[in-house]
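# A look at the structure
Read off the chains here:
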Amino acid sequence: MLRFDDLQLFVRAADLGSLSAAARVMDLSPAVASAALKRIEQQLGARLLARSTRSLRLTAEGEGFLAYARAALSSLDEGRRLLASGQDHVSGVLQLSAPSDFGRNQLLPWLDEFQREYPQLSVRLLLGDRIADLFRQPVDIALRYGEPEDSSLVALPVAPDNVRVLCASPSYLARHGEPRHLEQLAQHNCLLYMLGRRVHDHWRFHDGKREVSLTVTGDRFSDDADVVRRWAVAGVGIAYKSWLDVSTDVLAGRLRLILPELRGERTPLNLLCAHRAQLSKPINLLREMLVSRCATLTAQLPERSSAT
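Here's a quick rundown of the structure.

Definitions and limits used
Residues numbered from 1 in each chain as written. Predicted model: local features only at pLDDT ≥ 70, side-chain atom pairs only at ≥ 80, totals over all residues. Heavy atoms only, no water. Helix = DSSP H or I, 4+ residues; strand = E, 2+ residues; numbered from the N terminus. Rg over C-alpha atoms; globule rule 2.2 N^0.38 Å. Buried < 20%, exposed > 50% of the residue type's maximum accessible area, 1.4 Å probe, protein only. 1 Å grid on protein atoms, 1.4 Å probe; cavity = no way out; pocket = protein on both sides within 12 Å on 5 of 7 lines; lining within 4 Å. Points joined across faces, edges and corners; volume = space filled by probe spheres on them. Nonpolar A, V, L, I, M, F, W, Y, C, P; charged D, E, K, R; others polar. Polar contact = N/O pair within 3.5 Å; in protein donor to acceptor, adjacent residues only side chain to side chain. Contact = heavy atoms within 4.5 Å. Axes fitted to C-alpha atoms, helices over the stretch in contact; angles between N-to-C directions. Parallel < 35°, antiparallel > 145°, perpendicular 65-115°, else oblique. Left-handed = near helix turned anticlockwise from the far one by under 90°. Salt bridge = Lys/Arg side-chain N within 4 Å of Asp/Glu carboxyl O. Core = buried A, V, L, I, M, F, W, Y, C linked by side-chain atoms within 4.5 Å. Pairing = 2+ DSSP bridges. Phe/Tyr/Trp six-rings, centres within 6.5 Å; stacked < 30°, edge-to-face > 60°. Lys NZ or Arg CZ within 6 Å of the ring centre and 35° of its normal.

## As for the overall build of the protein
When helices and strands are tallied, the protein shows 9 helices and 16 strands. The C-alpha radius of gyration of the protein comes to 31 Å, more than 25% above the 19 Å expected for a compact globule of 308 residues. Reported as C-alpha extents along the three principal axes, the dimensions of the protein are approximately 100 × 40 × 35 Å. A burial count over the protein gives 42% of its 308 residues as buried.

Shown next, in the form of structure tokens:
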């Protein structure tokens, strides 16, 4: 196969009428230039340049091949410019998967804004709490809570400081009272989330000195995290949710934090992809926006207060 740099050397030598001059322009030693010309002539099975100690001229075969060499180099340069312009221009299809609750209630409006800024970008969004198979499903990236179980995936942090919080609606707390100690959760209806066949009924916290935990019970559970949030807003129980998922409800007064002196489990949000080559300009721009928006939300998480 002919090498790109060998073709460049041949065309430069033909234009300048000197192999040594072409070598200087391309910052090559005379020996490397001579070897390159010999290599291309051997691959073509023809003499391209007739050389003497004082002159260089194209052979008949060289004259015939020169036009094709110029056309090939021109085509390659055009391809390079096309790729370069594509890297600067945000367009194409962005395929991503996101958790149901975060996707519906935070990501959707952010994506609307993102597409208004880049109107030639199309988005395909798959929502669900199961881990997307990035090697089989038609997605480029996935947003997922927690550390990835598959070590072969590339994981980039989006919201590393996100945590779970206890929350309930003001109406529920007015009817059933507000827990003042963790053990009192046993007297309340806890809204449970299920992923696969596992029900997440063991809730862990940190009181600033040590980890504390308990197993809770409730009269309903769902494999859709958004359903759990909706139940909490509707006033049917207490939820243990990612702050990113319930921050808007808490800040709007639809939900209230319970036992704020406790800090729930860390629940970092990561951007996952199968290969770093998938990190295109649209994906990097999207991640920058997500990092900024999530940082704003996590900064609004109330500081741990003293136990009362």
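## Quick look at empty space enclosed by the protein
If you walk through the whole model with that rule in mind, you get 1 cavity of 30 Å³ or more. Within this model, the largest cavity holds a volume of roughly 120 Å³. Of all the elements in the fold, those that place two or more residues in the lining of the largest cavity are strand S7 (164-168) and strand S15 (263-264). By residue number, the principal contributor to the lining of the largest cavity is S7, which donates 3 residues. Taken together, the residues of the lining of the largest cavity break down into 10 nonpolar, 1 polar and 2 charged.

## Describing the side chain of Thr267
Mapped onto the elements, Thr267 comes out in the loop between S15 and strand S16 (269-273). Separated by 3.2 Å, the side chain of Thr267 and the backbone oxygen of Glu265 make a polar contact. Discounting residues that sit within four places of it in the chain, Thr267 has contacts with Tyr145, Gly146, Ala159, Asn162, Val163 and Arg164.

## A short note on the pairing of S16
Among the 5 residues in S16, 5 count as buried, and that is most of the element. Alternating positions in S16 separate into two faces, Leu269, Leu271 and Cys273 on one and Asn270 and Leu272 on the other, with burial throughout.

## Quick notes on the packing of helix H5 (residues 100-117) against helix H8 (residues 243-252)
Running from amino to carboxyl end, H5 crosses H8 at an angle of 40 degrees, the nearest separation of the two axes being 9 Å. Taken together, the axes of H5 and H8 lie oblique to each other. The element H5 and its partner H8 pack so that their crossing is left-handed. Counted together, Asp101, Phe102 and Gln106 of H5 and Leu244, Asp245, Ser247 and Thr248 of H8 form the full contact between these two elements. Across the contact of H5 with H8, the residue classes tally to 2 nonpolar, 3 polar and 2 charged.

## Remarks on the layout of surface pockets
Using a probe with the size of a water molecule, rolled over the atoms, empty space left in the structure can be pinpointed. Quantified by volume, the largest pocket comes out at close to 960 Å³. Lining of the largest pocket is provided by 32 residues; of these, Tyr145, Arg164, Tyr193, Leu195 and His200 occupy positions nearest its centre. Among the elements of the structure, strand S5 (141-145), strand S8 (192-195), strand S9 (198-200), strand S10 (202-206), helix H7 (225-234) and strand S13 (239-242) are those that each provide at least two residues to the lining of the largest pocket. When the residues that make up the lining of the largest pocket are grouped by side-chain class, the tally is 14 nonpolar, 5 polar and 13 charged.

## Looking at the pattern of salt bridges
Opposite charge on two side chains allows them to pair when their charged atoms are near. Following the criterion strictly, the structure yields 17 salt bridges and no others. Taking the shortest distance from any N to any O, the salt bridge between Arg104 and Asp224 comes out at 3.4 Å. Of this pair, Arg104 sits in helix H5 while Asp224 sits in the loop between strand S12 (221-222) and H7, and the two are 120 residues apart along the sequence. Among the residues examined, Arg104 registers a relative accessible area of 33% and is labelled partly exposed. Since its relative accessible area comes to 19%, Asp224 is described here as buried.

## A short note on the nonpolar core
Ranked by internal contacts, the top residues of the largest apolar core, which has 29 residues, are Leu143 and Leu286. For this core, the secondary structure elements donating two or more residues are strand S3 (92-98), H5, S5, strand S6 (154-159), S16 and helix H9 (281-298). In terms of nonpolar packing, the next biggest core, distinct from the first, is built from 19 residues, Val11, Ala33, Ala36 and Leu56 among them.

## Things to note about the sheet that holds S7
Taken in spatial order, the 3 strands make up an open sheet running S13-S7-S14, and their pairing is antiparallel. This sheet does not close on itself; its edge strands, each paired only once, are S13 and strand S14 (256-257). The sheet contacts of H8 involve S7, S13 and S14, and relative to S13 the element is tilted by about 110 degrees.

## Comments concerning the packing of aromatic side chains
Within the structure shown, the criterion is met by 6 aromatic pairs. With 4.8 Å between their ring centres and 45 degrees between their planes, Phe205 and Tyr240 make a pair best called tilted. Placement of the pair is Phe205 in strand S10 and Tyr240 in strand S13, with a sequence separation of 35 residues. One exposure class covers both Phe205 and Tyr240, and it is buried. For the cation-ring pair, Arg164 lies above Tyr240, with the distance from its terminal atom to the ring centre recorded as 5.9 Å. Here Arg220 stacks its cationic end above the ring of Trp231, 5.4 Å away from the centre of that ring.

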